[in-house]
Amino acid sequence: MALSINLALGGAAAFAVASVADRRGPRGVLALTVLIGAAGLLLTSRISALWQFYLSYGVMVGIGFSSVYVLTTATVSRWFVERRGLALAVVLSGFNLGWLIGGPVAAMLISLLGWRAAYVVLGLVVCGIGVPACTRVRYPQPLDVTRGEAFAGRGETSAAVRASLRSALRDPRLWLLTFGWFSTGLVSTGLVFMMITAHCVPFARDRGLPLEQASLLLTAYGIGSATGRLGSGLVADRFGATVTMYACVAIQALALGFLVGAPPAWALMPVLVVFGLGASGADNAVVKIVPEVFGLAALASVMSVLSLGWRFGAALGPAGAGFLYDLTRSYTVPFSAGLGILAVSVVLFTLATRRT
């Protein structure tokens, strides 16, 4: 429940955060929201009732981290044009590296200090590293991307942002991409991504792996996702985001199909590496295509709309997979459903990019 609150409220908060960033730049609002997230982690260490956990982790951490992905992609896209795919991949690979080190570090802190002290340490790390880093983030000189002219002042910038956002909201391609990202949120970068990452350990336990080995599947996913992120950036710059997206979805479908076939326990780790490669690669392709379709003037606001689709997919994916598992006592049905959702996401992406 706390995770669902975190994802849904963070998606809603991203609208306000993105609106401020498009008009005034990302520095102040990014630092403020990250500070709120760090405070939420610190307060989580003091909880004594469930409602307090919902407030500290669900509300505060959700709002605090709502800006990170949206403003990261908007900032990097504004700075880079020629090698935008690779630039996005390099920066966003930090999220994937978190899968490699975040879980083991948190487990080590809990075993050494206890879960309350672990939250304190994590909150201090976010505050001590994240907030100062945010103060160094800025957009390049605001430009009217349709004319290539510098704006005379903040009034022109706000007017251009409003006009660009209105145009995007009226464009059916935005909603096709949003529902497409919702689908991949359900399956790959949302639904499937969260479904697989949330259920890969119990799935491995069903296949006979001990808990210690099953937990390593998240690390395997992290390795694949970091590799896929960087590789997709290079491929997208050379062959285009659309080709990259199709290739990455095919890779995910291959991995999911293997999981549906009830593979032996020893094969799960390489399958998760392959799935991570495709999932992060597809995510990178979507992020690269957005500024090419909608421009840069209101990019953070447009990304906040897309992010909301991803977050709802990520919130529903694990719960839906768990419900189907409880109903059938097998992961065959939810993983098979993931294949169908991937197919839907491909159709939506094709429609959204046919006039790019």
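What to know about helix α4 (residues 66–79)
Across the 14 residues that make up α4, a large majority, 12, are buried. When we look at burial in α4, the residues that qualify are S66, S67, Y69, V70, L71, T72, T73, A74, T75, V76, S77 and R78.

Concerning the packing of helix α2 (residues 27–44) against helix α6 (residues 115–134)
Contact geometry of α2 with α6 gives a least axis separation of 7 Å together with a crossing angle of 170 degrees. When the interaxial angle is binned, α2 and α6 end up roughly antiparallel. Contacts between α2 and α6 involve R27, L30, A31, V34, L35, A38, L41, L42 and T44 from the former and W115, Y119, V120, L122, G123, L124, V126, C127, G130, V131 and C134 from the latter. Residue classes in the contact of α2 with α6 are distributed as 16 nonpolar, three polar and one charged.

What about the pattern of salt bridges?
With the rule as written, the count across this model stands at five salt bridges. The partner of D283 in a salt bridge is R229, with the nearest N and O atoms 2.5 Å apart. On the criterion of sequence distance, the pair formed by D283 in helix α12 (residues 268–294) and R229 in helix α10 (residues 211–239) is long-range, its members being 54 residues apart. By the burial criterion, D283 is buried, and R229 matches it.

What to know about the packing of aromatic side chains
Under the defined criterion, the tally for this structure stands at three aromatic pairs. On the numbers, 5.5 Å between centres and 10 degrees between planes, the contact of F53 with Y57 is stacked. Pair noted here: F53 and Y57 are both in helix α3 (residues 50–64), with a separation of four residues, about one helical turn. With a centroid separation of 6.3 Å and 80 degrees between ring planes, the pair formed by Y246 and F349 is classed as edge-to-face. Placement of the pair is Y246 in helix α11 (residues 241–260) and F349 in helix α14 (residues 332–353), with a sequence separation of 103 residues. For Y246, a relative accessible area of 33% gives the class partly exposed. Its relative accessible area of 3% is what places F349 among the buried residues. Sitting over the face of the ring of Y139, R78 holds its NZ or CZ atom 4.1 Å from the ring centroid.

Thresholds applied
Residues numbered from 1 in each chain as written. Predicted model: local features only at pLDDT ≥ 70, side-chain atom pairs only at ≥ 80, totals over all residues. Heavy atoms only, no water. Buried < 20%, exposed > 50% of the residue type's maximum accessible area, 1.4 Å probe, protein only. Helix = DSSP H or I, 4+ residues; strand = E, 2+ residues; numbered from the N terminus. Axes fitted to C-alpha atoms, helices over the stretch in contact; angles between N-to-C directions. Parallel < 35°, antiparallel > 145°, perpendicular 65-115°, else oblique. Contact = heavy atoms within 4.5 Å. Nonpolar A, V, L, I, M, F, W, Y, C, P; charged D, E, K, R; others polar. Salt bridge = Lys/Arg side-chain N within 4 Å of Asp/Glu carboxyl O. Phe/Tyr/Trp six-rings, centres within 6.5 Å; stacked < 30°, edge-to-face > 60°. Lys NZ or Arg CZ within 6 Å of the ring centre and 35° of its normal.

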